[in-house]
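Given next are the chains, with one letter for each unit.
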Amino acid sequence: MSTQTIAVHLPDGAIRNVPAGTTPLEIANSISPRLAAAAVVARLTPLSGTKKQDAGGGAAEQPSEAAMYATQDGNAARLVDLTAPLTADTRLELITEKDPEALMVVRHSAAHVLATAVLELFPETKLGHGPATDAGFFYDFYRETPFTPEDLAAIEAKMREVVARDEKFVREHEPREQALAEFDRDGDFMKTHFVTKFTEPGAEVSFYRNGKFVDFCRGPHVPSTGRVKAFKVLSLAGAYWLGDEKNPQLQRIYGTAFFSQKALDEHFARLEEAAKRDHRLLGKQLDLFSIQELAGAGLIFWHPRGAMIRKVMEDWMREECLRRGYLLVYTPHVARVNLWQTSGHEGFYAQNMFTPMELDDANYRMKPMNCPFHILIYKNSPKSYRDLPARYAELGNVYRYERSGTMHGLLRVRGFTQDDAHIFCTPGQIEDEVVACIDFAEAVLKTFGFNEFKVELSTWDPNDRAHYAGSDENWALAERSLRTALERKGIEYKTIPGEAAFYGPKIDIKLVDVLGRLWQLSTVQFDFNLPARFELEYVGEDGERHQPVMVHRALFGSVERFFGVLIEHYAGAFPLWLAPVQAGLVPISERHHAYAKKVEAELKAAGLRVEIDDRNEKMNGKIRDFANQKTPYILVFGDKEEAAGTVSVRTRGKGDQGSMPLAEFIAKAKALIGSQSTEL
Ligand SMILES: [Zn+2]
Ligand SMILES: [Zn+2]
């Protein structure tokens, strides 16, 4: 019997010819035992696949079951256990703790350790599932008696025992029907559901065993429980099985895990920092905005200071739109239901809309999106190719129904303002338009102080043709223009197959804030659906009627949400050009009030936003109050300054800078404001 030989391509370009069945661990050992010890899992990329085609969209905070169990695209890179036998020619990377994907593997392994501990302490418990998340992991359990805080402490202690036992994670297989029969027999209703839903009849299903614990699981896992080195059980939450309140209530235990105690400690330090920066807290402290019980949840009241920042944001955005060839429009907040029927929202989006209002002539609905309104403006007059591209921009208020109890400060609301634009153009113009959108998005992020961002391209699933609007040519053109635009800009991106909306592919831009958190804000989205539904046209150079290509794009995304992110990013210490009060004026005593008025008038004439504190308070108290408001400059003056026509300048974060002629201060501040500097 001859053994088949396979070619394993290593990242350094070397090719190892090894017998089929060789494991990544064996290859690692043959390279160096140190590498073998450091490796967590292996990444295999079929030789026909491309490295950019990362599998899956990464784990979200609430990963879908489908993402956890679905079989992966055969051409995509995938992670496997170090002990998985290699069966075909492949690229192989040994993944160590430095790779972010390794962290997801150790977290999922920690979820198995959690479930192991729970079953050892509470054997009557039934298992749901336990995915890794961006912040850690959870596991869903069914048990009639609620877990207590003492139980959680006992579970964490038991987990340490499981880790100390250093049990190997072993992958096993079983025929699906046999597995189902066993789960059925044991009353494991959740496992029965997952196996039924996510595996095919006649298939083999995979299990992972550590010690006596076995879980239906696709894997991969770290080599053994001993590799789960730094973890913590965090909290408990209730959730109905499959989100249906008629179903049994599950208990979800949350935890987190890292490769080292140091990384775990840093994680908690970051959380503490994030709590201090919570925009709801700072919004109150700095008197920026409120949400009023009497008016309703998810509706934002912008107070004068918050409104001033919003004005600066909006002015910048409108000016930038005009500079970049957009046309500004305004549209109503409500429209007849007929419009929403034509646009299709009345069908596929109705559950996200406010219920209709009955007027004497028709039923009306608040707008959840601005698109149909911009389309009506486009349609109001005949268009020729000479009118294109037509770029309509609006800071449009939209209203969407969010379930009560799901609202969260400025981040999740029922009414918000989109910096929305719709671009109508010819197929030949689309690539340049997308490049221009990405340029604009970069300008937004850079101007508002975000230096890092991540880009995702969501494409369709051509095998699921029935679920998408638009022709194959539409999709090919759109996806090609998005890709080419990203490549022309030299931007690295991740493709997420099958994640496009039914009406077109899109680019999502996620900014990274000062704490390293990702925020989804900007999006550039194709639409093949609405131009067809509204029968949009333009007359081409050939004199014939054509359908324009339509792109939706929003860069702040939601002004409210972007503002929330800004508050947290800057911890309320807005850069000078955004700060609601740029300079706080502190006259040392009452006899300096006249000079204060003069200073105020000069600063205001120069376009600065200032506030005098002329209360009968001690100077230090006034300085403290401005400092608590995170005011960028505090200008103090008494006899000496008044006589010399100067101000004594305190700069946020730098302290007392000494005296300076007023004119010099004004020139300095204006230069920083004019350049939208984020230095101060
Ligand atoms: Zn698992
Ligand atoms: Zn739109």
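Scroll up a little and you will see the structure.
Below is a short write-up of the structure. In this text, all values refer to a predicted model and were calculated from it rather than measured experimentally. (Residues numbered from 1 in each chain as written. Chains lettered and ligands numbered in written order. Predicted model: local features only at pLDDT ≥ 70, side-chain atom pairs only at ≥ 80, totals over all residues. Heavy atoms only, no water.)

**Let's talk about the coordination of the zinc ion (ligand 2)**
- Taken together, C371 (SG), H422 (NE2) and H552 (ND1) make up the full set of protein donors to the zinc ion (ligand 2), lying 1.9 to 2.3 Å away.
- Positions of the donor residues of the zinc ion (ligand 2), expressed as sequence spacing, correspond to C-x50-H-x129-H. In this pair, H422 is assigned in strand β20 (residues 415-425) and H552 in strand β27 (residues 549-558), connecting sequence segments 130 residues apart. Take H422 and H552: they sit in the same class, and that class is buried. (Donors = N, O, S within 2.8 Å, 3.2 Å for Na, K, Ca; no water. Helix = DSSP H or I, 4+ residues; strand = E, 2+ residues; numbered from the N terminus. Buried < 20%, exposed > 50% of the residue type's maximum accessible area, 1.4 Å probe, protein only.)

**A closer look at the pairing of strand β9 (residues 204-210)**
- The buried fraction of β9 amounts to 5 of the 7 residues, a majority that puts the element mostly inside the structure.
- Pairing of β9 with strand β10 (residues 213-216) involves 4 bridges; the strand directions are antiparallel. When the sheet's bridge partners are listed, N210 is paired in β10 with F213.
- Connecting β9 to the next strand, β10, in antiparallel fashion are 2 residues, including G211 with a positive phi near 60°. (Pairing = 2+ DSSP bridges.)

**Observations regarding the sheet that holds strand β7 (residues 137-142)**
- Within the open sheet, the 4 strands sit side by side as β6-β7-β12-β11. Their pairing is antiparallel. The open sheet has two free edges, formed respectively by β6 (126-127) and β11 (230-240), since each of these has just one partner strand.
- The pairing of β6 with β7 spans 2 bridges and is classified as antiparallel. Within β7, the residue paired with K126 across the bridge is Y142.
- The strands touched by helix α8 (residues 261-276) within the sheet are β11 and β12 (249-258), with β12 carrying the most contacts at an inclination of about 120°. (Contact = heavy atoms within 4.5 Å. Axes fitted to C-alpha atoms, helices over the stretch in contact; angles between N-to-C directions.)

**Description of the sheet that holds strand β2 (residues 15-19)**
- Strand order in the open sheet formed by 5 strands is β2-β1-β5-β3-β4, with mixed pairing between adjacent strands. Edge positions in the sheet fall to β2 and β4 (78-80), since each of these pairs with one other strand and no more. Across the sheet, the mean angle separating the axes of adjacent strands is 40° when strand polarity is ignored.
- For strand β3 (residues 39-45) and β4, the ladder comprises 3 bridges, and the chain directions are antiparallel. Residue pairing across strands places L44 opposite R78, the latter belonging to β4.
- Seen against the sheet, helix α1 (residues 24-31) touches β1 (5-9), β2, β3, β4 and β5 (90-96) and runs at an angle of roughly 75° to β5.
- Contacts from helix α4 (residues 100-121) reach β3, β4 and β5, with the element oriented near 120° to β3.

**What about the pattern of salt bridges?**
- All told, the structure shown has 49 salt bridges when counted by the stated rule.
- Among the salt bridges present, the one from E172 reaches R209, with a minimum N-O distance of 2.7 Å. Of this pair, E172 sits in strand β8 (residues 170-175) while R209 sits in strand β9, placing them 37 residues apart in sequence.
- One continuous salt-bridge network, built from bridges that share partners, spans R43, E93, D99 and E101. (Salt bridge = Lys/Arg side-chain N within 4 Å of Asp/Glu carboxyl O.)

**As for α4**
- Counted at 1.5 Å a residue, the expected span for α4 with its 22 residues is 32 Å, and the 32 Å between its end C-alpha atoms agrees.
- Of all 22 residues in α4, 16 are buried; the element is thus mostly enclosed.
- A side-chain oxygen of the first residue of α4 lies 2.8 Å from the backbone nitrogen of E101; this N-cap is D99. (Expected span 1.5 Å × (residues − 1). Polar contact = N/O pair within 3.5 Å; in protein donor to acceptor, adjacent residues only side chain to side chain.)

**What to know about the coordination of the zinc ion (ligand 1)**
- Surrounding the zinc ion (ligand 1) are the protein donor atoms H108 (NE2), H112 (NE2) and C217 (SG), at 1.9 to 2.2 Å.
- All donors of the zinc ion (ligand 1) belong to a single chain; written as a sequence motif, their spacing is H-x3-H-x104-C. Highlighted residues: H108 in helix α4 and C217 in the loop between β10 and β11, separated in sequence by 109 residues.
- Residue H108 is classed as buried on the basis of its relative accessible area of 9%.
- A relative accessible area of 4% means that C217 is categorised as buried.

**Concerning the pairing of β20**
- Among the 11 residues that make up β20, 11 are buried, leaving the element largely enclosed by the rest of the structure.
- Of the two faces of β20, the one lined by G415, T417, D419, A421, I423 and C425 and the one lined by F416, Q418, D420, H422 and F424 are each fully buried.
- By the bridge criterion, 10 bridges tie strand β19 (residues 390-399) to β20 in an arrangement that is antiparallel. When the bridges of β20 are listed, E394 appears paired with D420.
- Judged from the 7 bridges that link them, β20 and β27 form a sheet pairing that is antiparallel. Note on β27: the bridge partner recorded for H422 is H552.

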